[in-house]
Amino acid sequence: MTSAQIRQSFLDFFASKQHTVVPSSSLMPTAPNLLFTNAGMNQFVPYFLGDQPAPWKRVADTQKCIRAGGKHNDLEDVGFDTYHHTMFEMLGNWSFGDYFKTETLTWGWELLTKVWGIPPKRLFATVYSPDKSKGDPSDFDQEAYDIWAKIFKDAGLDPALHIVNGNKKDNFWMMGDTGPCGPCSEIHFNLLPSDDEAAGRKLVNSSAPRCIEIWNHVFIQFNANADGTVAPLAAKHIDTGMGFERVAGIHATTKGFKDFSAEPSNYNADVFKPTFDKIAALSGKSYTGTVPTERTGLTEQQTIDITFRVLADHARCVSCAIADGILPGNADRNYVIRRILRRGIMYGQKNLGLQTGFFEQLVAPVIESLGGVFPELHTQRTMIERAIRAEEESFGRTLARGLARLNASFVSTAEDGGHSAAQLQGKWHPYSGNKVSGLLAFELYDTYGFPLDMTQLLATERGAEVDVKYFEQLMEEQRERGRAARKTDVIVASTEGETVAEATKFVGYEIDSTHATHAKLIDIVKTEKDTYLVFDQTPFYAEMGGQVGDSGHALINGAKVDLVDCIKDKSGRHLHKIGSSGGLALPVPGATAILHVDLHRRRAINRHHSAAHLIHWALRKMLGTHVRQFGTHKTPDRMRFDFTHFEALTAAQIKECEQLINEKILDNSRVVSAEIEYAKKPEDVLAFFGDKYGKYVRLVDIGGFSKELCGGTHVATTGEIGVIKIVAEMAIAAGTRRIEAVAGQAALDHIAAKEAALAAVSARLNAGVADVAQKFDLVLTHQKELEKKLKAFEAKASAGLADELSTAAVARDGLKWVSTVVTAENQDALRSLGSQVLHKIGAGAVVQLGAIFDGKVSLVAYCSPEAIKAGQAAGKLIQGLTAKLGGKGGGKPDYAQGGGGDAGKLAEVLKL
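Thresholds, definitions, all that
- Residues numbered from 1 in each chain as written.
- Predicted model: local features only at pLDDT ≥ 70, side-chain atom pairs only at ≥ 80, totals over all residues.
- Heavy atoms only, no water.
- Helix = DSSP H or I, 4+ residues; strand = E, 2+ residues; numbered from the N terminus.
- Buried < 20%, exposed > 50% of the residue type's maximum accessible area, 1.4 Å probe, protein only.
- Contact = heavy atoms within 4.5 Å.
- Areas by Shrake-Rupley, 256 points an atom, 1.4 Å probe, with all protein chains shown as cover.
- Lys, Arg positive; Asp, Glu negative; His and termini not counted.
- Charge placed at Lys NZ, Arg CZ, Asp CG, Glu CD.
- Expected span 1.5 Å × (residues − 1).
- Polar contact = N/O pair within 3.5 Å; in protein donor to acceptor, adjacent residues only side chain to side chain.
- Phe/Tyr/Trp six-rings, centres within 6.5 Å; stacked < 30°, edge-to-face > 60°.
- Lys NZ or Arg CZ within 6 Å of the ring centre and 35° of its normal.
- Axes fitted to C-alpha atoms, helices over the stretch in contact; angles between N-to-C directions.
- Parallel < 35°, antiparallel > 145°, perpendicular 65-115°, else oblique.
- Left-handed = near helix turned anticlockwise from the far one by under 90°.
- Nonpolar A, V, L, I, M, F, W, Y, C, P; charged D, E, K, R; others polar.
- Pairing = 2+ DSSP bridges.
- 1 Å grid on protein atoms, 1.4 Å probe; cavity = no way out; pocket = protein on both sides within 12 Å on 5 of 7 lines; lining within 4 Å.
- Points joined across faces, edges and corners; volume = space filled by probe spheres on them.
- Salt bridge = Lys/Arg side-chain N within 4 Å of Asp/Glu carboxyl O.
- Patch = residues over 30% accessible without salt bridge, like charges linked within 9 Å, V, L, I, M, F, W, Y side chains within 5 Å.
- Core = buried A, V, L, I, M, F, W, Y, C linked by side-chain atoms within 4.5 Å.
- Disulfide = S-S within 2.5 Å.
- pLDDT = per-residue confidence, 0-100.

On to the overall build of the protein chain, then. The number of helices and strands found in the protein chain is 25 helices and 35 strands. With the principal axes as the frame, the protein chain shows a C-alpha extent of 110 × 80 × 55 Å. Taken over 912 residues, the protein chain has a buried fraction of 49%. Look at the contacts in the protein chain between residues 6 or more apart in sequence, and 67% of them connect residues 24 or more apart. As displayed, the protein chain offers around 41,600 Å² of accessible surface, 51% of which is attributable to carbon and sulfur atoms. The centroid of the 102 positive side-chain charges in the protein chain is displaced by 3 Å from the centroid of its 108 negative side-chain charges.

Okay, structure coming up:
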């Protein structure tokens, strides 16, 4: 079987077991504490928690995962072995409150041994056995043990040899410190040349590459509480994960699970072949599969093979990330992708001699091998290639600066008199005693994107080594800062016997000035600062999806209660925030209420929300389908729309975008909303990363040309928007742009303010509106002419002052000294004056000038070659002067500058 056939046979097998095969979710996670989607179960978390009903009972898929940051980080290992990846596929099957241990383990055995033909004798299973002395939760998983015992006995194998117990570390899965958890059972594959059962058993859970875990079956049956205890879940689930590249690599290495003589390698899978072929064509080198035992003293071929693996892995990772809207950038997940890309570029250039632009050429073979299962690679190809091209060109400049930084550090300690003995120990000084400091290695890694192994290679070429211990200390400190800054949630799943609050019924999509909703007050929620009312139903939209919450009022027991905001809690209840109560007593739950939304404010919000959809449509039409919404905020007064794009919009593009949108507004197209099943949404409907969708979703269709899943409120026709004006376009991160716009009355106000400003300028210039630009150009031209004349006068005055100062030079110790306070326009003028005086005096000149700018002292000093030879040095002169003025400064023997705070002493200090 090919790799693609292995993947498909997995999905087909579970489809035959009544599983719905679903597409991979985005690498952009919905969970706030994740950098990337890093496991197959990420997209199903709301179903495990009970937050949302699962649209299906049984599911199977192949999920793109990245593990290159945070808790899971395999980046530095990639290339040096044959089984680590930054990006990989996880095959999996799931049950949401349907089947449990018996079915998943039995089916797993059937697929591996009957469908794929893996020799049963080579398989081992682990079951959970808690170590109570260490406080491991729950009890021995007797149920899983009994199931495996029957499976192995039926296969004619001894369960005592093939079942291995594991403690919490190996066989108890937890989503986090809190949340769904449960025992797990791993299937391990003996890849030793011999199928000896005792030898294979010894390697289980030992991290040996010749006996590896290929499939983990997790039995989600508990909720981990914050106090360390566990409670049974209301519903039990199955979550399994199998490394696709691992099983495909084993299949290729063992020639269909038959010949176990060769060392296993994921990179033997044909999914990597197109990329390897392209690298070979670009470099003229060949991949032979060698693997080093150490990271130093590598042979040429080992270096080549490491680089092939690095490039093949990193090209897949970067391409899939960009296709999902994660572009290289300066922070968080975007920075991780930038580092991965730069690591690949460095390896290719340094080890294979590839030129800038080569990495972009690896996109095509990645799409060739993965585009069939991840179609977004095809649709986003232009975006992927352009983003990589821009990053390659940018990194070429950064790489040059990093190499210059490293080269500059290779100086002898004897030449560096400006460092203390402690600094020269190698901890802070960049290079000392044939050792590159850990600090410099960290700087090269963090600022310039140099992987540690690359810095080690460059150091070795110069006969030096890297202080790896201190580097690792700095890396751990950085990781700790990241952990401290990372947002974490206390996750709570529904447990047995627990009553879950019902979500508030929302009845506010279609309201008008006559609308009033009769509701019952069911709860009052108090926080430290605010009080919220909860009703059984409400027309108030709760803040979500970037749309702010509604405001208005409620009539309860004849009293008016102002409601200034509306938010939603985890269970879906709408919390109506009470404004200033004015001393009114709080109503009692059970009271009836009449709810009124501030319709004027709501309609303004509707305009901006529908405007966001139109902007999205126009940008995708103009720039391409790589444009994706990356965040929005809609208020009554304005809106912002963040989107993926790799360059700034031109003025012409902004004008075109406005034109497209306002044409659709003039068409007065209908805006239609309908509730549909998420699984049955049409292909042309847009859904967004970061949004969680339940079984049923709301589709907003504007005129048939814009279709998005959206739970917000909108206008009834585009004509209600009135007009849209884009007021700003800017970058907010690498590959992410932001548009700010106004609609309706806010747009009219904006236009009126612009017209008023233009009229004011017209009046000041005494020009008609049509002639303002031309008249303003004349004013600017005249200003430039005046500035040119002024600079000429200043230069003439400066030259005259230089003549005056040089003539007044004082002879002392065979040198000619000028040391005085002068008046200068700025620091540059002071430096220029000092230079002129030096040249006018000529041989033997020493110049010390001081000036005061905004109450602060600035000093410059110059020494001619003869003065330097006589023992004078500008740097030492400045240090002496600034010390007397409570400041500091320094420089070279021929020129130095400094400053001080005591302006009153300046004249006295400069006296010779």
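For helix H1 (residues 3-15), built from 13 residues, the straight-helix expectation of 18 Å at 1.5 Å per residue is met to within 8% by its first-to-last C-alpha distance of 19 Å. All of the buried residues in H1 are Ser3, Ile6, Arg7, Ser9, Phe10, Leu11, Phe13 and Phe14.

Within the secondary structure, serine 283 sits in helix H9 (residues 273-283). At 2.8 Å, the side chain of serine 283 and the backbone oxygen of isoleucine 279 are in polar contact. One polar contact links the side chain of serine 283 to the main-chain amide nitrogen of lysine 285, over a distance of 3.1 Å.

To continue, consider the packing of aromatic side chains. The relative placement of two aromatic rings is captured by the distance of their centres and the angle of their planes. Applying the stated criterion across every chain, the model contains 33 aromatic pairs. Pairing tryptophan 109 with phenylalanine 152 gives two aromatic rings, centres 5.3 Å apart and planes at 80 degrees, and the pair type is edge-to-face. With tryptophan 109 in helix H3 (residues 101-115) and phenylalanine 152 in helix H4 (residues 142-154), this residue pair connects regions lying 43 residues apart in the sequence. You'll find tryptophan 109 and phenylalanine 152 in the same group, each marked buried. Where phenylalanine 189 meets phenylalanine 257, the ring centres are 6.0 Å apart and the plane angle is 45 degrees; that geometry is what we call tilted. Linking phenylalanine 189 in strand E9 (residues 179-190) with phenylalanine 257 in the loop between helix H8 (244-253) and H9, this pair joins segments that are 68 residues apart in sequence. For the pair phenylalanine 189 and phenylalanine 257, a shared accessibility class is recorded, and that class is buried. Through a chain of ring-to-ring contacts, three or more aromatic side chains come together here, namely Phe44, Tyr47, Phe48, Trp56, Trp94 and Phe96. The ring of phenylalanine 260 has arginine 122 lying over it, and the distance from NZ or CZ to the ring centre is 3.6 Å.

Let us look at the packing of helix H11 (residues 332-352) against helix H16 (residues 452-461). H16 packs onto H11 with a crossing angle of 30 degrees between their chain directions and a minimal axis gap of 11 Å. What the angle tells us is that H11 and H16 run roughly parallel. In this structure, H11 crosses over H16, and the sense of that crossing is left-handed. Along its contact with H11, which presents Arg343, Met346, Tyr347, Lys350 and Asn351, the element H16 presents Asp453, Met454, Leu457, Leu458 and Glu461. The residue makeup of the contact of H11 with H16, split by class, is 5 nonpolar, 1 polar and 4 charged.

Let us now look at the sheet that holds strand E26 (residues 696-702). In spatial order, the strands read E25-E26-E27; together these 3 strands make up an open sheet with antiparallel pairing. Each end of this open sheet is capped by a strand with a single partner; those strands are strand E25 (671-677) and strand E27 (706-709). Sheet twist, expressed as the mean angle between neighbouring strand axes with direction ignored, is 25 degrees.

For the rest of this paragraph, the subject is unusual backbone geometry. For serine 207, which is not glycine, the phi torsion reads 60 degrees and is therefore positive. As for its placement among the helices and strands, serine 207 is situated in the loop between helix H7 (197-203) and strand E10 (211-224). For serine 207, a relative accessible area of 71% gives the class exposed. In this structure, phenylalanine 257 is a non-glycine residue whose phi angle is positive, near 65 degrees.

Here we come to empty space enclosed by the protein. Scanning the entire structure with this criterion turns up 2 cavities of 30 Å³ or more. By volume, the largest cavity amounts to about 40 Å³. If you go around the largest cavity, the residues you meet are Leu75, Glu76, Arg339, Arg343, Tyr445, Gly449, Phe450 and Pro451. Here the residues of the lining of the largest cavity sort into 4 nonpolar, 1 polar and 3 charged. Roughly 30 Å³ of internal volume is contained in the second largest cavity.

For the structure on display, the rule yields 35 salt bridges. Lysine 169 is the partner of aspartate 170 in a salt bridge, and the nearest nitrogen-oxygen pair spans 3.7 Å. We note a salt bridge from aspartate 828 to arginine 831, for which the minimum N-O separation is 2.2 Å. With aspartate 828 and arginine 831 both in helix H22 (residues 827-841) and 3 residues apart, the pair spans about one turn of that helix.

The grouping of Phe776, Val779 and Leu780 at the surface amounts to a nonpolar patch, some 230 Å² of accessible area in total. Tracing the chain through its elements places valine 779 in helix H21 (residues 772-807).

This next bit is on the pairing of strand E33 (residues 856-863). By the criterion of burial, E33 is predominantly enclosed, with 7 of the 8 residues buried. Direction of pairing for strand E32 (residues 845-853) relative to E33: antiparallel, over a ladder of 8 bridges. When the bridges of E33 are listed, isoleucine 852 appears paired with valine 857. Where E32 hands over to E33, the hairpin turn is made up of 2 residues, of which aspartate 854 adopts a positive phi near 50 degrees. As judged from the 6 bridges shared by E33 and strand E35 (residues 895-900), these two strands associate in the antiparallel manner. Across the sheet, residue alanine 861 finds its bridge partner in E35, namely alanine 896.

In this structure, Trp148 and Phe359 are the most contacted members of the largest nonpolar core, which totals 115 residues. By residue number, the principal contributor to this core is helix H10 (residues 300-323), which donates 13 residues. Those residues within four positions of tryptophan 148 in sequence are excluded, and the remaining contacts are Leu105, Trp109, Ala125, Val127, Ile163, Ser185 and Ile187.

With that out of the way, let us pick up the sheet that holds strand E29 (residues 736-743). Pairing within the open sheet is antiparallel, and its 4 strands lie in the order E23-E24-E29-E28. Both outer strands of the open sheet, strand E23 (629-634) and strand E28 (724-733), are each paired with one neighbouring strand and no more. Taking each pair of neighbouring strands and ignoring which way they run, the sheet shows an average axis angle of 15 degrees. In terms of strand pairing, E23 meets strand E24 (residues 639-644) through 5 bridges, oriented antiparallel. When the sheet's bridge partners are listed, glycine 631 is paired in E24 with aspartate 642.

Scanning the entire structure with this criterion turns up 0 disulfides. Counting only cysteine sulfurs, cysteine 320 is the nearest neighbor of cysteine 65, a cysteine outside any disulfide, at a range of 11 Å. Taking relative accessible area as the criterion, cysteine 65 reaches 0% and is therefore assigned buried. Residue cysteine 710 stays outside any disulfide, its sulfur separated by 16 Å from that of cysteine 566, the closest cysteine.

Now for H8. The buried fraction of H8 amounts to 8 of the 10 residues, a majority that puts the element mostly inside the structure. Listed in full, the buried residues belonging to H8 are Phe244, Glu245, Val247, Ala248, Gly249, Ile250, His251 and Thr253. Check the buried side of H8 and you find it contacts H1, strand E5 (87-96), E9, E10, strand E11 (230-243) and H10. A positive backbone phi angle near 55 degrees is found at lysine 255, which sits one or two residues after H8.

In this section: the confidence of the model for the protein chain. Caution applies to low-pLDDT regions: their predicted coordinates should not be interpreted in detail. Confidence in the prediction of the protein chain, expressed as mean pLDDT, is 89, and 93% of residues score 70 or more. Here residues 411-429 scores under 50 on pLDDT; set against residues more than four positions off or in separate chains, the count is 23 contacts. Residue range residues 486-492 is modelled with pLDDT below 50. Its contacts to residues more than four positions away, or to other chains, number 19 contacts.

Take threonine 736: it is sitting in strand E29. Setting aside chain neighbours within four positions, we find threonine 736 in contact with Phe630, Phe643, His645, Met730 and Ala731.

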